Amino acid sequence: MTQEMKDFAVRTITRNILTPVIYMIEQENSIDFICFCDRRITMQEVYDTEHIIYAETNKHIEILDIREFRESDRIEVINQATLIYSEHPFIEMVFTRSMLEDFKNAMDDRNDVLERYRESGTYYLQ
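Predicted model, so just to flag it, every value in this text is computed and none were measured.

(A) Local environment of the layout of surface pockets. Computed from the structure, the largest pocket encloses a volume of approximately 190 Å³. Around the largest pocket, the lining residues are C37, D38, R39, I41, M43, V46, I63, L64, D65, R67 and E68. Listing elements by their share of the lining of the largest pocket, those giving two or more residues are α2 (43–57) and β3 (60–65). With three residues, β3 is the single largest residue contributor to the lining of the largest pocket. Taken together, the residues of the lining of the largest pocket sort by class into six nonpolar, no polar and five charged.

Encoded structure:
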């Protein structure tokens, strides 16, 4: 994907879908744009935006909300995907920190369940 196409995609996504950050994962025939979407955005608006970008890039486009990912997948996105847009460097830092905190909380919950199992022989509260 050329820089002009990336710029077009960023302009299109930020104009149609309110998001402070956009990550991109590019495969051979498709591109995933991972955003932190405004909850008021409808799926139709997302599909329309995907279609506009497809018309320009001629690649299958998927716009995904990072909140739909598991905590471990969010960390993978932050580490592996290319950040192509950030409203402000501070926003990027806060966003990354929030995703790391979510992952830490999930791991703490997991450890609590495992500890409960070691102590009581069951994963469930008694």
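(B) How the structure looks around helix α1 (residues 3–16). Compared with the 20 Å implied by 1.5 Å per residue over 14 residues, the 20 Å span of α1 between its first and last C-alpha is a close match. Looking only at α1, the buried set comprises K6, F8, A9, V10, T12 and I13. On its buried face, α1 is in contact with β1 (21–26), β2 (30–35), α2, β3 and β4 (82–86).

(C) Representation of the packing of α1 against α2 within the structure. Interhelical geometry of α1 versus α2 gives an angle of 165 degrees and a closest axis separation of 10 Å. For the element pair α1 / α2, the angle class is roughly antiparallel. In this structure, the crossing between α1 and α2 has a hand that is right-handed. Counting all contacts with α1, which are made through M5, F8, A9, T12, I13 and N16, the residues of α2 involved are T49, I52, I53, E56 and T57. Residues belonging to the contact of α1 with α2 are distributed by class as follows: six nonpolar, four polar and one charged.

(D) Spotlight on unusual backbone geometry. Although it is not a glycine, N58 adopts a positive phi angle of roughly 60 degrees. Looking at the element boundaries, N58 is found in the loop between α2 and β3.

(E) Region of the structure containing the sheet that holds β3. Spatially, β3-β2-β1-β4 is the arrangement adopted by the four strands of the open sheet, whose pairing is mixed. Each of the sheet's edge strands pairs with one partner strand only, and the pair in question is β3 and β4. Strand after strand, the sheet turns through a mean of 25 degrees between neighbouring axes, direction not considered. In this sheet, β2 lies alongside β1 in antiparallel orientation, the contact comprising five bridges. Each bridged residue has a counterpart across the sheet, and for M24 the counterpart in β2 is F33.

(F) Structural detail: the side chain of T19. Mapped onto the secondary structure, T19 falls in the loop between α1 and β1. Beyond its immediate sequence surroundings of up to four residues, T19 is in contact with I13, C35, F36, C37, Y85 and E87.

(G) Looking closely at the pairing of β1. Where β1 and β4 come together, four bridges link them in antiparallel fashion. Within β4, the residue paired with I22 across the bridge is Y85. Between β1 and β2, which pair antiparallel one after the other, the connecting turn spans three residues.

The rules behind the values
- Residues numbered from 1 in each chain as written.
- Predicted model: local features only at pLDDT ≥ 70, side-chain atom pairs only at ≥ 80, totals over all residues.
- Heavy atoms only, no water.
- 1 Å grid on protein atoms, 1.4 Å probe; cavity = no way out; pocket = protein on both sides within 12 Å on 5 of 7 lines; lining within 4 Å.
- Points joined across faces, edges and corners; volume = space filled by probe spheres on them.
- Helix = DSSP H or I, 4+ residues; strand = E, 2+ residues; numbered from the N terminus.
- Nonpolar A, V, L, I, M, F, W, Y, C, P; charged D, E, K, R; others polar.
- Expected span 1.5 Å × (residues − 1).
- Buried < 20%, exposed > 50% of the residue type's maximum accessible area, 1.4 Å probe, protein only.
- Contact = heavy atoms within 4.5 Å.
- Axes fitted to C-alpha atoms, helices over the stretch in contact; angles between N-to-C directions.
- Parallel < 35°, antiparallel > 145°, perpendicular 65-115°, else oblique.
- Left-handed = near helix turned anticlockwise from the far one by under 90°.
- Pairing = 2+ DSSP bridges.

Read these as geometric descriptors, not functional statements.
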